[in-house]
Structure formats: C-alpha cells, structure tokens
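Each chain, written out:
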Amino acid sequence: NQLERLSEVTKVVADTGDFESIRAFQPVDATTNPSLILKASLQPEYSCLVSRAIEYGKEHEKEDKKKLLEVVLDKLNVLFGKAILDVVPGLVSTEVDARLSFDKEKMVTKARTLIKMYEEEGISKERILIKLASTWEGLEAARILESEGIHCNLTLMFSFCQAVVAAQVKATLISPFVGRIRDWYMKKEGRTEAYPALEDPGVKSVRRIYGYYKKNGIQTIVMGASFRSVEEVLGLAGCDKLTIAPTLLHQLKDAKEELPYPVMNNETCPCE
C-alpha cells in the first residue's frame, strides 16, 4: 500500500497523542501538541495518566493553584510522551506552551523542566524533541538548548527565512506547516479548489527548504507537517520525515497505487 511505499523513502511520524492509534501504524517517531494531548486525555482509557499527573502536581506544588495547574499539564505531556516512547522506536516531540513563544528565557526554562521530568521517568533526553515556535525568540532559545544537548523541533514554521535561521542555530529538526501555508494562499487568492500537489504552495515551500538544506550540507532534519490531504503528503515523498495524522495514515494504508510523484532528492527539488 501507499503507506508502505512512502515508508521506504521517508521516515513516517505519527501526529497524535493517541498511542494506541500509533501502535496500529508502527511509525518511527511521534509528535504531540497540547490539542492532541487534550483530545487523547478525554478518552477513558487514558484517565490513569491524568490521575498520575494530578497526584504529581499535588506533591510538588501545594500553595499556588496556578502553578499547580502548570505542573500538572507539564507532567501530563511527559506521561503521554513516555507512553508513546513505549510504542515507537525513535523520538517523541513535546511542545512548549505557545503562550511563551515570545519569551526566550521562559522557553528555555520550560524546556529544561520537561527534560528533567522525562529523566525522572527514566527517559533520556536523546529521545526527546522539544517543540518551540519558530519566532525569533524561539530560534534563539533553540540555539541555547541545542548547545546544552537538548534537541529541538522548530514548529509553526511558515517561511524560507525561518528555515535558514533554524539551520544557523543548529536545530535538530524543523516542521514547516504545509497545510497552513496552503490555507493562507487559498484565502489570499480567493481559491476554492485545492492545488495540484506539486503546485501546492505548502508543498513547494518544503521542497525549496529541503533543496537548500541538501545543497548546503545542512544536517537539520526537514519534517513536513500540518497536512490537509494525502496529495500533499505524497507530494513530499522522499522528505527526511513527514508527520501525519491518523486519518491520513488510514487513507495511505488503504490505497494500493504507486507513489504518483517523483521522490524528493537533490535533482527534483530547487536549490539556492
């Protein structure tokens, strides 16, 4: 099927907090974000993780209720991440609160806190990617964290210039948002029909970044994210990694056709 064919040329990453869903597709890595964790935590089978996070919070913060909630949420993210790492052989991405995206110091502090919580659970920082928004402050926070051996996933990435700076700060991985770039162009152009895959502005953006990285020997991993359709995913076959939601993974698994587009490489992607 197409998922198997895609997995031969790209490392497939599951974009979900539901580790039972992850188990069904056997991806290499997994990414999470607060909305995915919230969705998963509402499922009865994961109530034990919520209870553990609450108990942890009560043990570590007894006075400030606002701080207690923050500790509980951080611990919940880590517990889901740990459970996911029991399923995937590679890495899990855990996101820093987006409300900190314009405060470098707070992002660095939060990242260190999350890594410490993972280490309390017996998980090495080598298996964790800390997700930071690709603001200027987020990029500078990544520079500090990478120098400390804390690996970063720069998310909320919409432009080529963000990707260039991410390479300069030696980020481990970037997550350009294919679907959101496409959404912006569709609104700007008043378009109602989807773009052909290789003309999709989000797909073209990632292919441009990939070509630039490969031409210049940049080690930062390119992982396409925020997909709106299977066509966008297939348009980036050959990318280092692609993080894909379960609904699209199901569609790829059910499709028997060959990969429809040229696989990304130095020849098929524009270079700068």
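Everything below is about the structure printed above this text.
Fair warning: this is a prediction, and the values are worked out from it, not measured in the lab.

Cut-offs and rules
Residues numbered from 1 in each chain as written. Predicted model: local features only at pLDDT ≥ 70, side-chain atom pairs only at ≥ 80, totals over all residues. Heavy atoms only, no water. Helix = DSSP H or I, 4+ residues; strand = E, 2+ residues; numbered from the N terminus. Rg over C-alpha atoms; globule rule 2.2 N^0.38 Å. Buried < 20%, exposed > 50% of the residue type's maximum accessible area, 1.4 Å probe, protein only. Contact = heavy atoms within 4.5 Å. Areas by Shrake-Rupley, 256 points an atom, 1.4 Å probe, with all protein chains shown as cover. Phe/Tyr/Trp six-rings, centres within 6.5 Å; stacked < 30°, edge-to-face > 60°. Lys NZ or Arg CZ within 6 Å of the ring centre and 35° of its normal. Pairing = 2+ DSSP bridges. Axes fitted to C-alpha atoms, helices over the stretch in contact; angles between N-to-C directions. Parallel < 35°, antiparallel > 145°, perpendicular 65-115°, else oblique. Nonpolar A, V, L, I, M, F, W, Y, C, P; charged D, E, K, R; others polar. Salt bridge = Lys/Arg side-chain N within 4 Å of Asp/Glu carboxyl O. Arc of directions from axis to C-beta. Polar contact = N/O pair within 3.5 Å; in protein donor to acceptor, adjacent residues only side chain to side chain. Disulfide = S-S within 2.5 Å.

(A) Just the overall build of the chain, in detail. In terms of regular secondary structure, the chain is built from 12 helices and 8 strands. Relative to a compact globule of 272 residues, whose C-alpha radius of gyration would be 19 Å, the chain shows 19 Å and is just as compact. The principal-axis extent of the C-alpha atoms belonging to the chain is close to 55 × 40 × 35 Å. Looking at the chain residue by residue over its 272 residues, the buried ones come to 54%. Considering only contacts in the chain between residues 6 or more positions apart, those separated by 24 or more positions represent 63%. Of the accessible surface of the chain, which amounts to about 13000 Å², a share of 52% is contributed by carbon and sulfur atoms.

(B) Just the packing of aromatic side chains, in detail. Under the criterion given, the structure shown has 5 aromatic pairs. Each ring, one from Phe-158 and one from Phe-177, has its centre 5.7 Å from the other, and the planes form 90 degrees; the classification is edge-to-face. With a gap of 19 residues between them, Phe-158 in the loop between strand 5 (152-157) and helix 8 (160-168) and Phe-177 in the loop between strand 6 (173-176) and helix 9 (178-189) connect regions that are remote in the sequence. Ring centres of Tyr-212 and Tyr-213 lie 6.2 Å apart, and the angle between their planes is 50 degrees; on these two criteria the pair is classed as tilted. Over the ring of Tyr-56 we find Lys-75; its NZ or CZ atom is 4.1 Å from the centre of that ring.

(C) Highlighting unusual backbone geometry. In the Ramachandran plot, Gln-26 falls in the positive-phi region, its phi being about 50 degrees despite a non-glycine side chain. If you trace the backbone, Gln-26 turns up in the loop between helix 2 (19-25) and strand 2 (29-31). By relative accessible area, Gln-26 is classed as exposed at 71%. A positive phi angle is found at Lys-170, which is not glycine, with a value near 65 degrees. In this fold, Lys-170 is placed in the loop between helix 8 and strand 6.

(D) Quick peek at the sheet that holds strand 2. Pairing within the closed barrel is parallel, and its 8 strands lie in the order 1-2-3-4-5-6-7-8. The sheet shows a mean angle of 30 degrees between the axes of neighbouring strands, direction not considered. Where strand 1 (residues 11-15) lies against strand 8 (residues 241-244), 4 bridges are found, and the strand directions are parallel. Counted as the bridge partner of Lys-11 is Lys-241 from strand 8.

(E) Spotlight on the packing of helix 1 (residues 2-9) against helix 12 (residues 246-254). Their axes nearest at 5 Å, the elements helix 1 and helix 12 cross at an angle of 105 degrees. In this view, helix 1 runs roughly perpendicular relative to helix 12, as classed from their interaxial angle. Residue-level inspection shows Gln-2, Leu-3 and Leu-6 of helix 1 in contact with helix 12, the latter providing Leu-249, Leu-252 and Lys-253. Each residue belonging to the contact of helix 1 with helix 12 can be placed in one class, and the counts come to 4 nonpolar, 1 polar and 1 charged.

(F) Main features of the pattern of salt bridges. Applying the stated criterion across every chain, the model contains 15 salt bridges. Among the ionic pairs, Asp-183 bridges to Arg-228, the shortest N-O distance being 2.6 Å. Taken as a pair, Asp-183 in helix 9 and Arg-228 in the loop between strand 7 (221-224) and helix 11 (230-235) lie far apart in primary sequence, 45 residues in all. With relative accessibility at 28%, the residue Asp-183 sits in the partly exposed group.

(G) Main features of helix 1. For helix 1, every residue scored as buried is listed here: Gln-2, Leu-3 and Leu-6. Seen along its axis, helix 1 keeps its buried residues to an arc of 95 degrees; they face one direction. Those residues of helix 1 that are buried are in contact with strand 1, helix 2, helix 11, strand 8 and helix 12.

(H) Structural detail: the environment of Tyr-46. By the secondary structure assignment, Tyr-46 is in the loop between helix 3 (34-41) and helix 4 (47-60). A C-alpha to C-alpha distance of 16 Å links Tyr-46 and Tyr-56, two positions 10 residues apart in sequence. Other than its neighbours up to four places away in sequence, Tyr-46 contacts Asp-18, Phe-19, Glu-20, Ala-40 and Phe-80. A polar contact of 2.4 Å, which involves the side chain of Tyr-46, links it to the side chain of Asp-18.

(I) View of the state of the cysteines. As enumerated under the stated definition, the model contains 0 disulfides in all. Counting only cysteine sulfurs, Cys-239 is the nearest neighbor of Cys-161, a cysteine outside any disulfide, at a range of 18 Å. Residue Cys-161 is classed as exposed on the basis of its relative accessible area, which comes to 52%.

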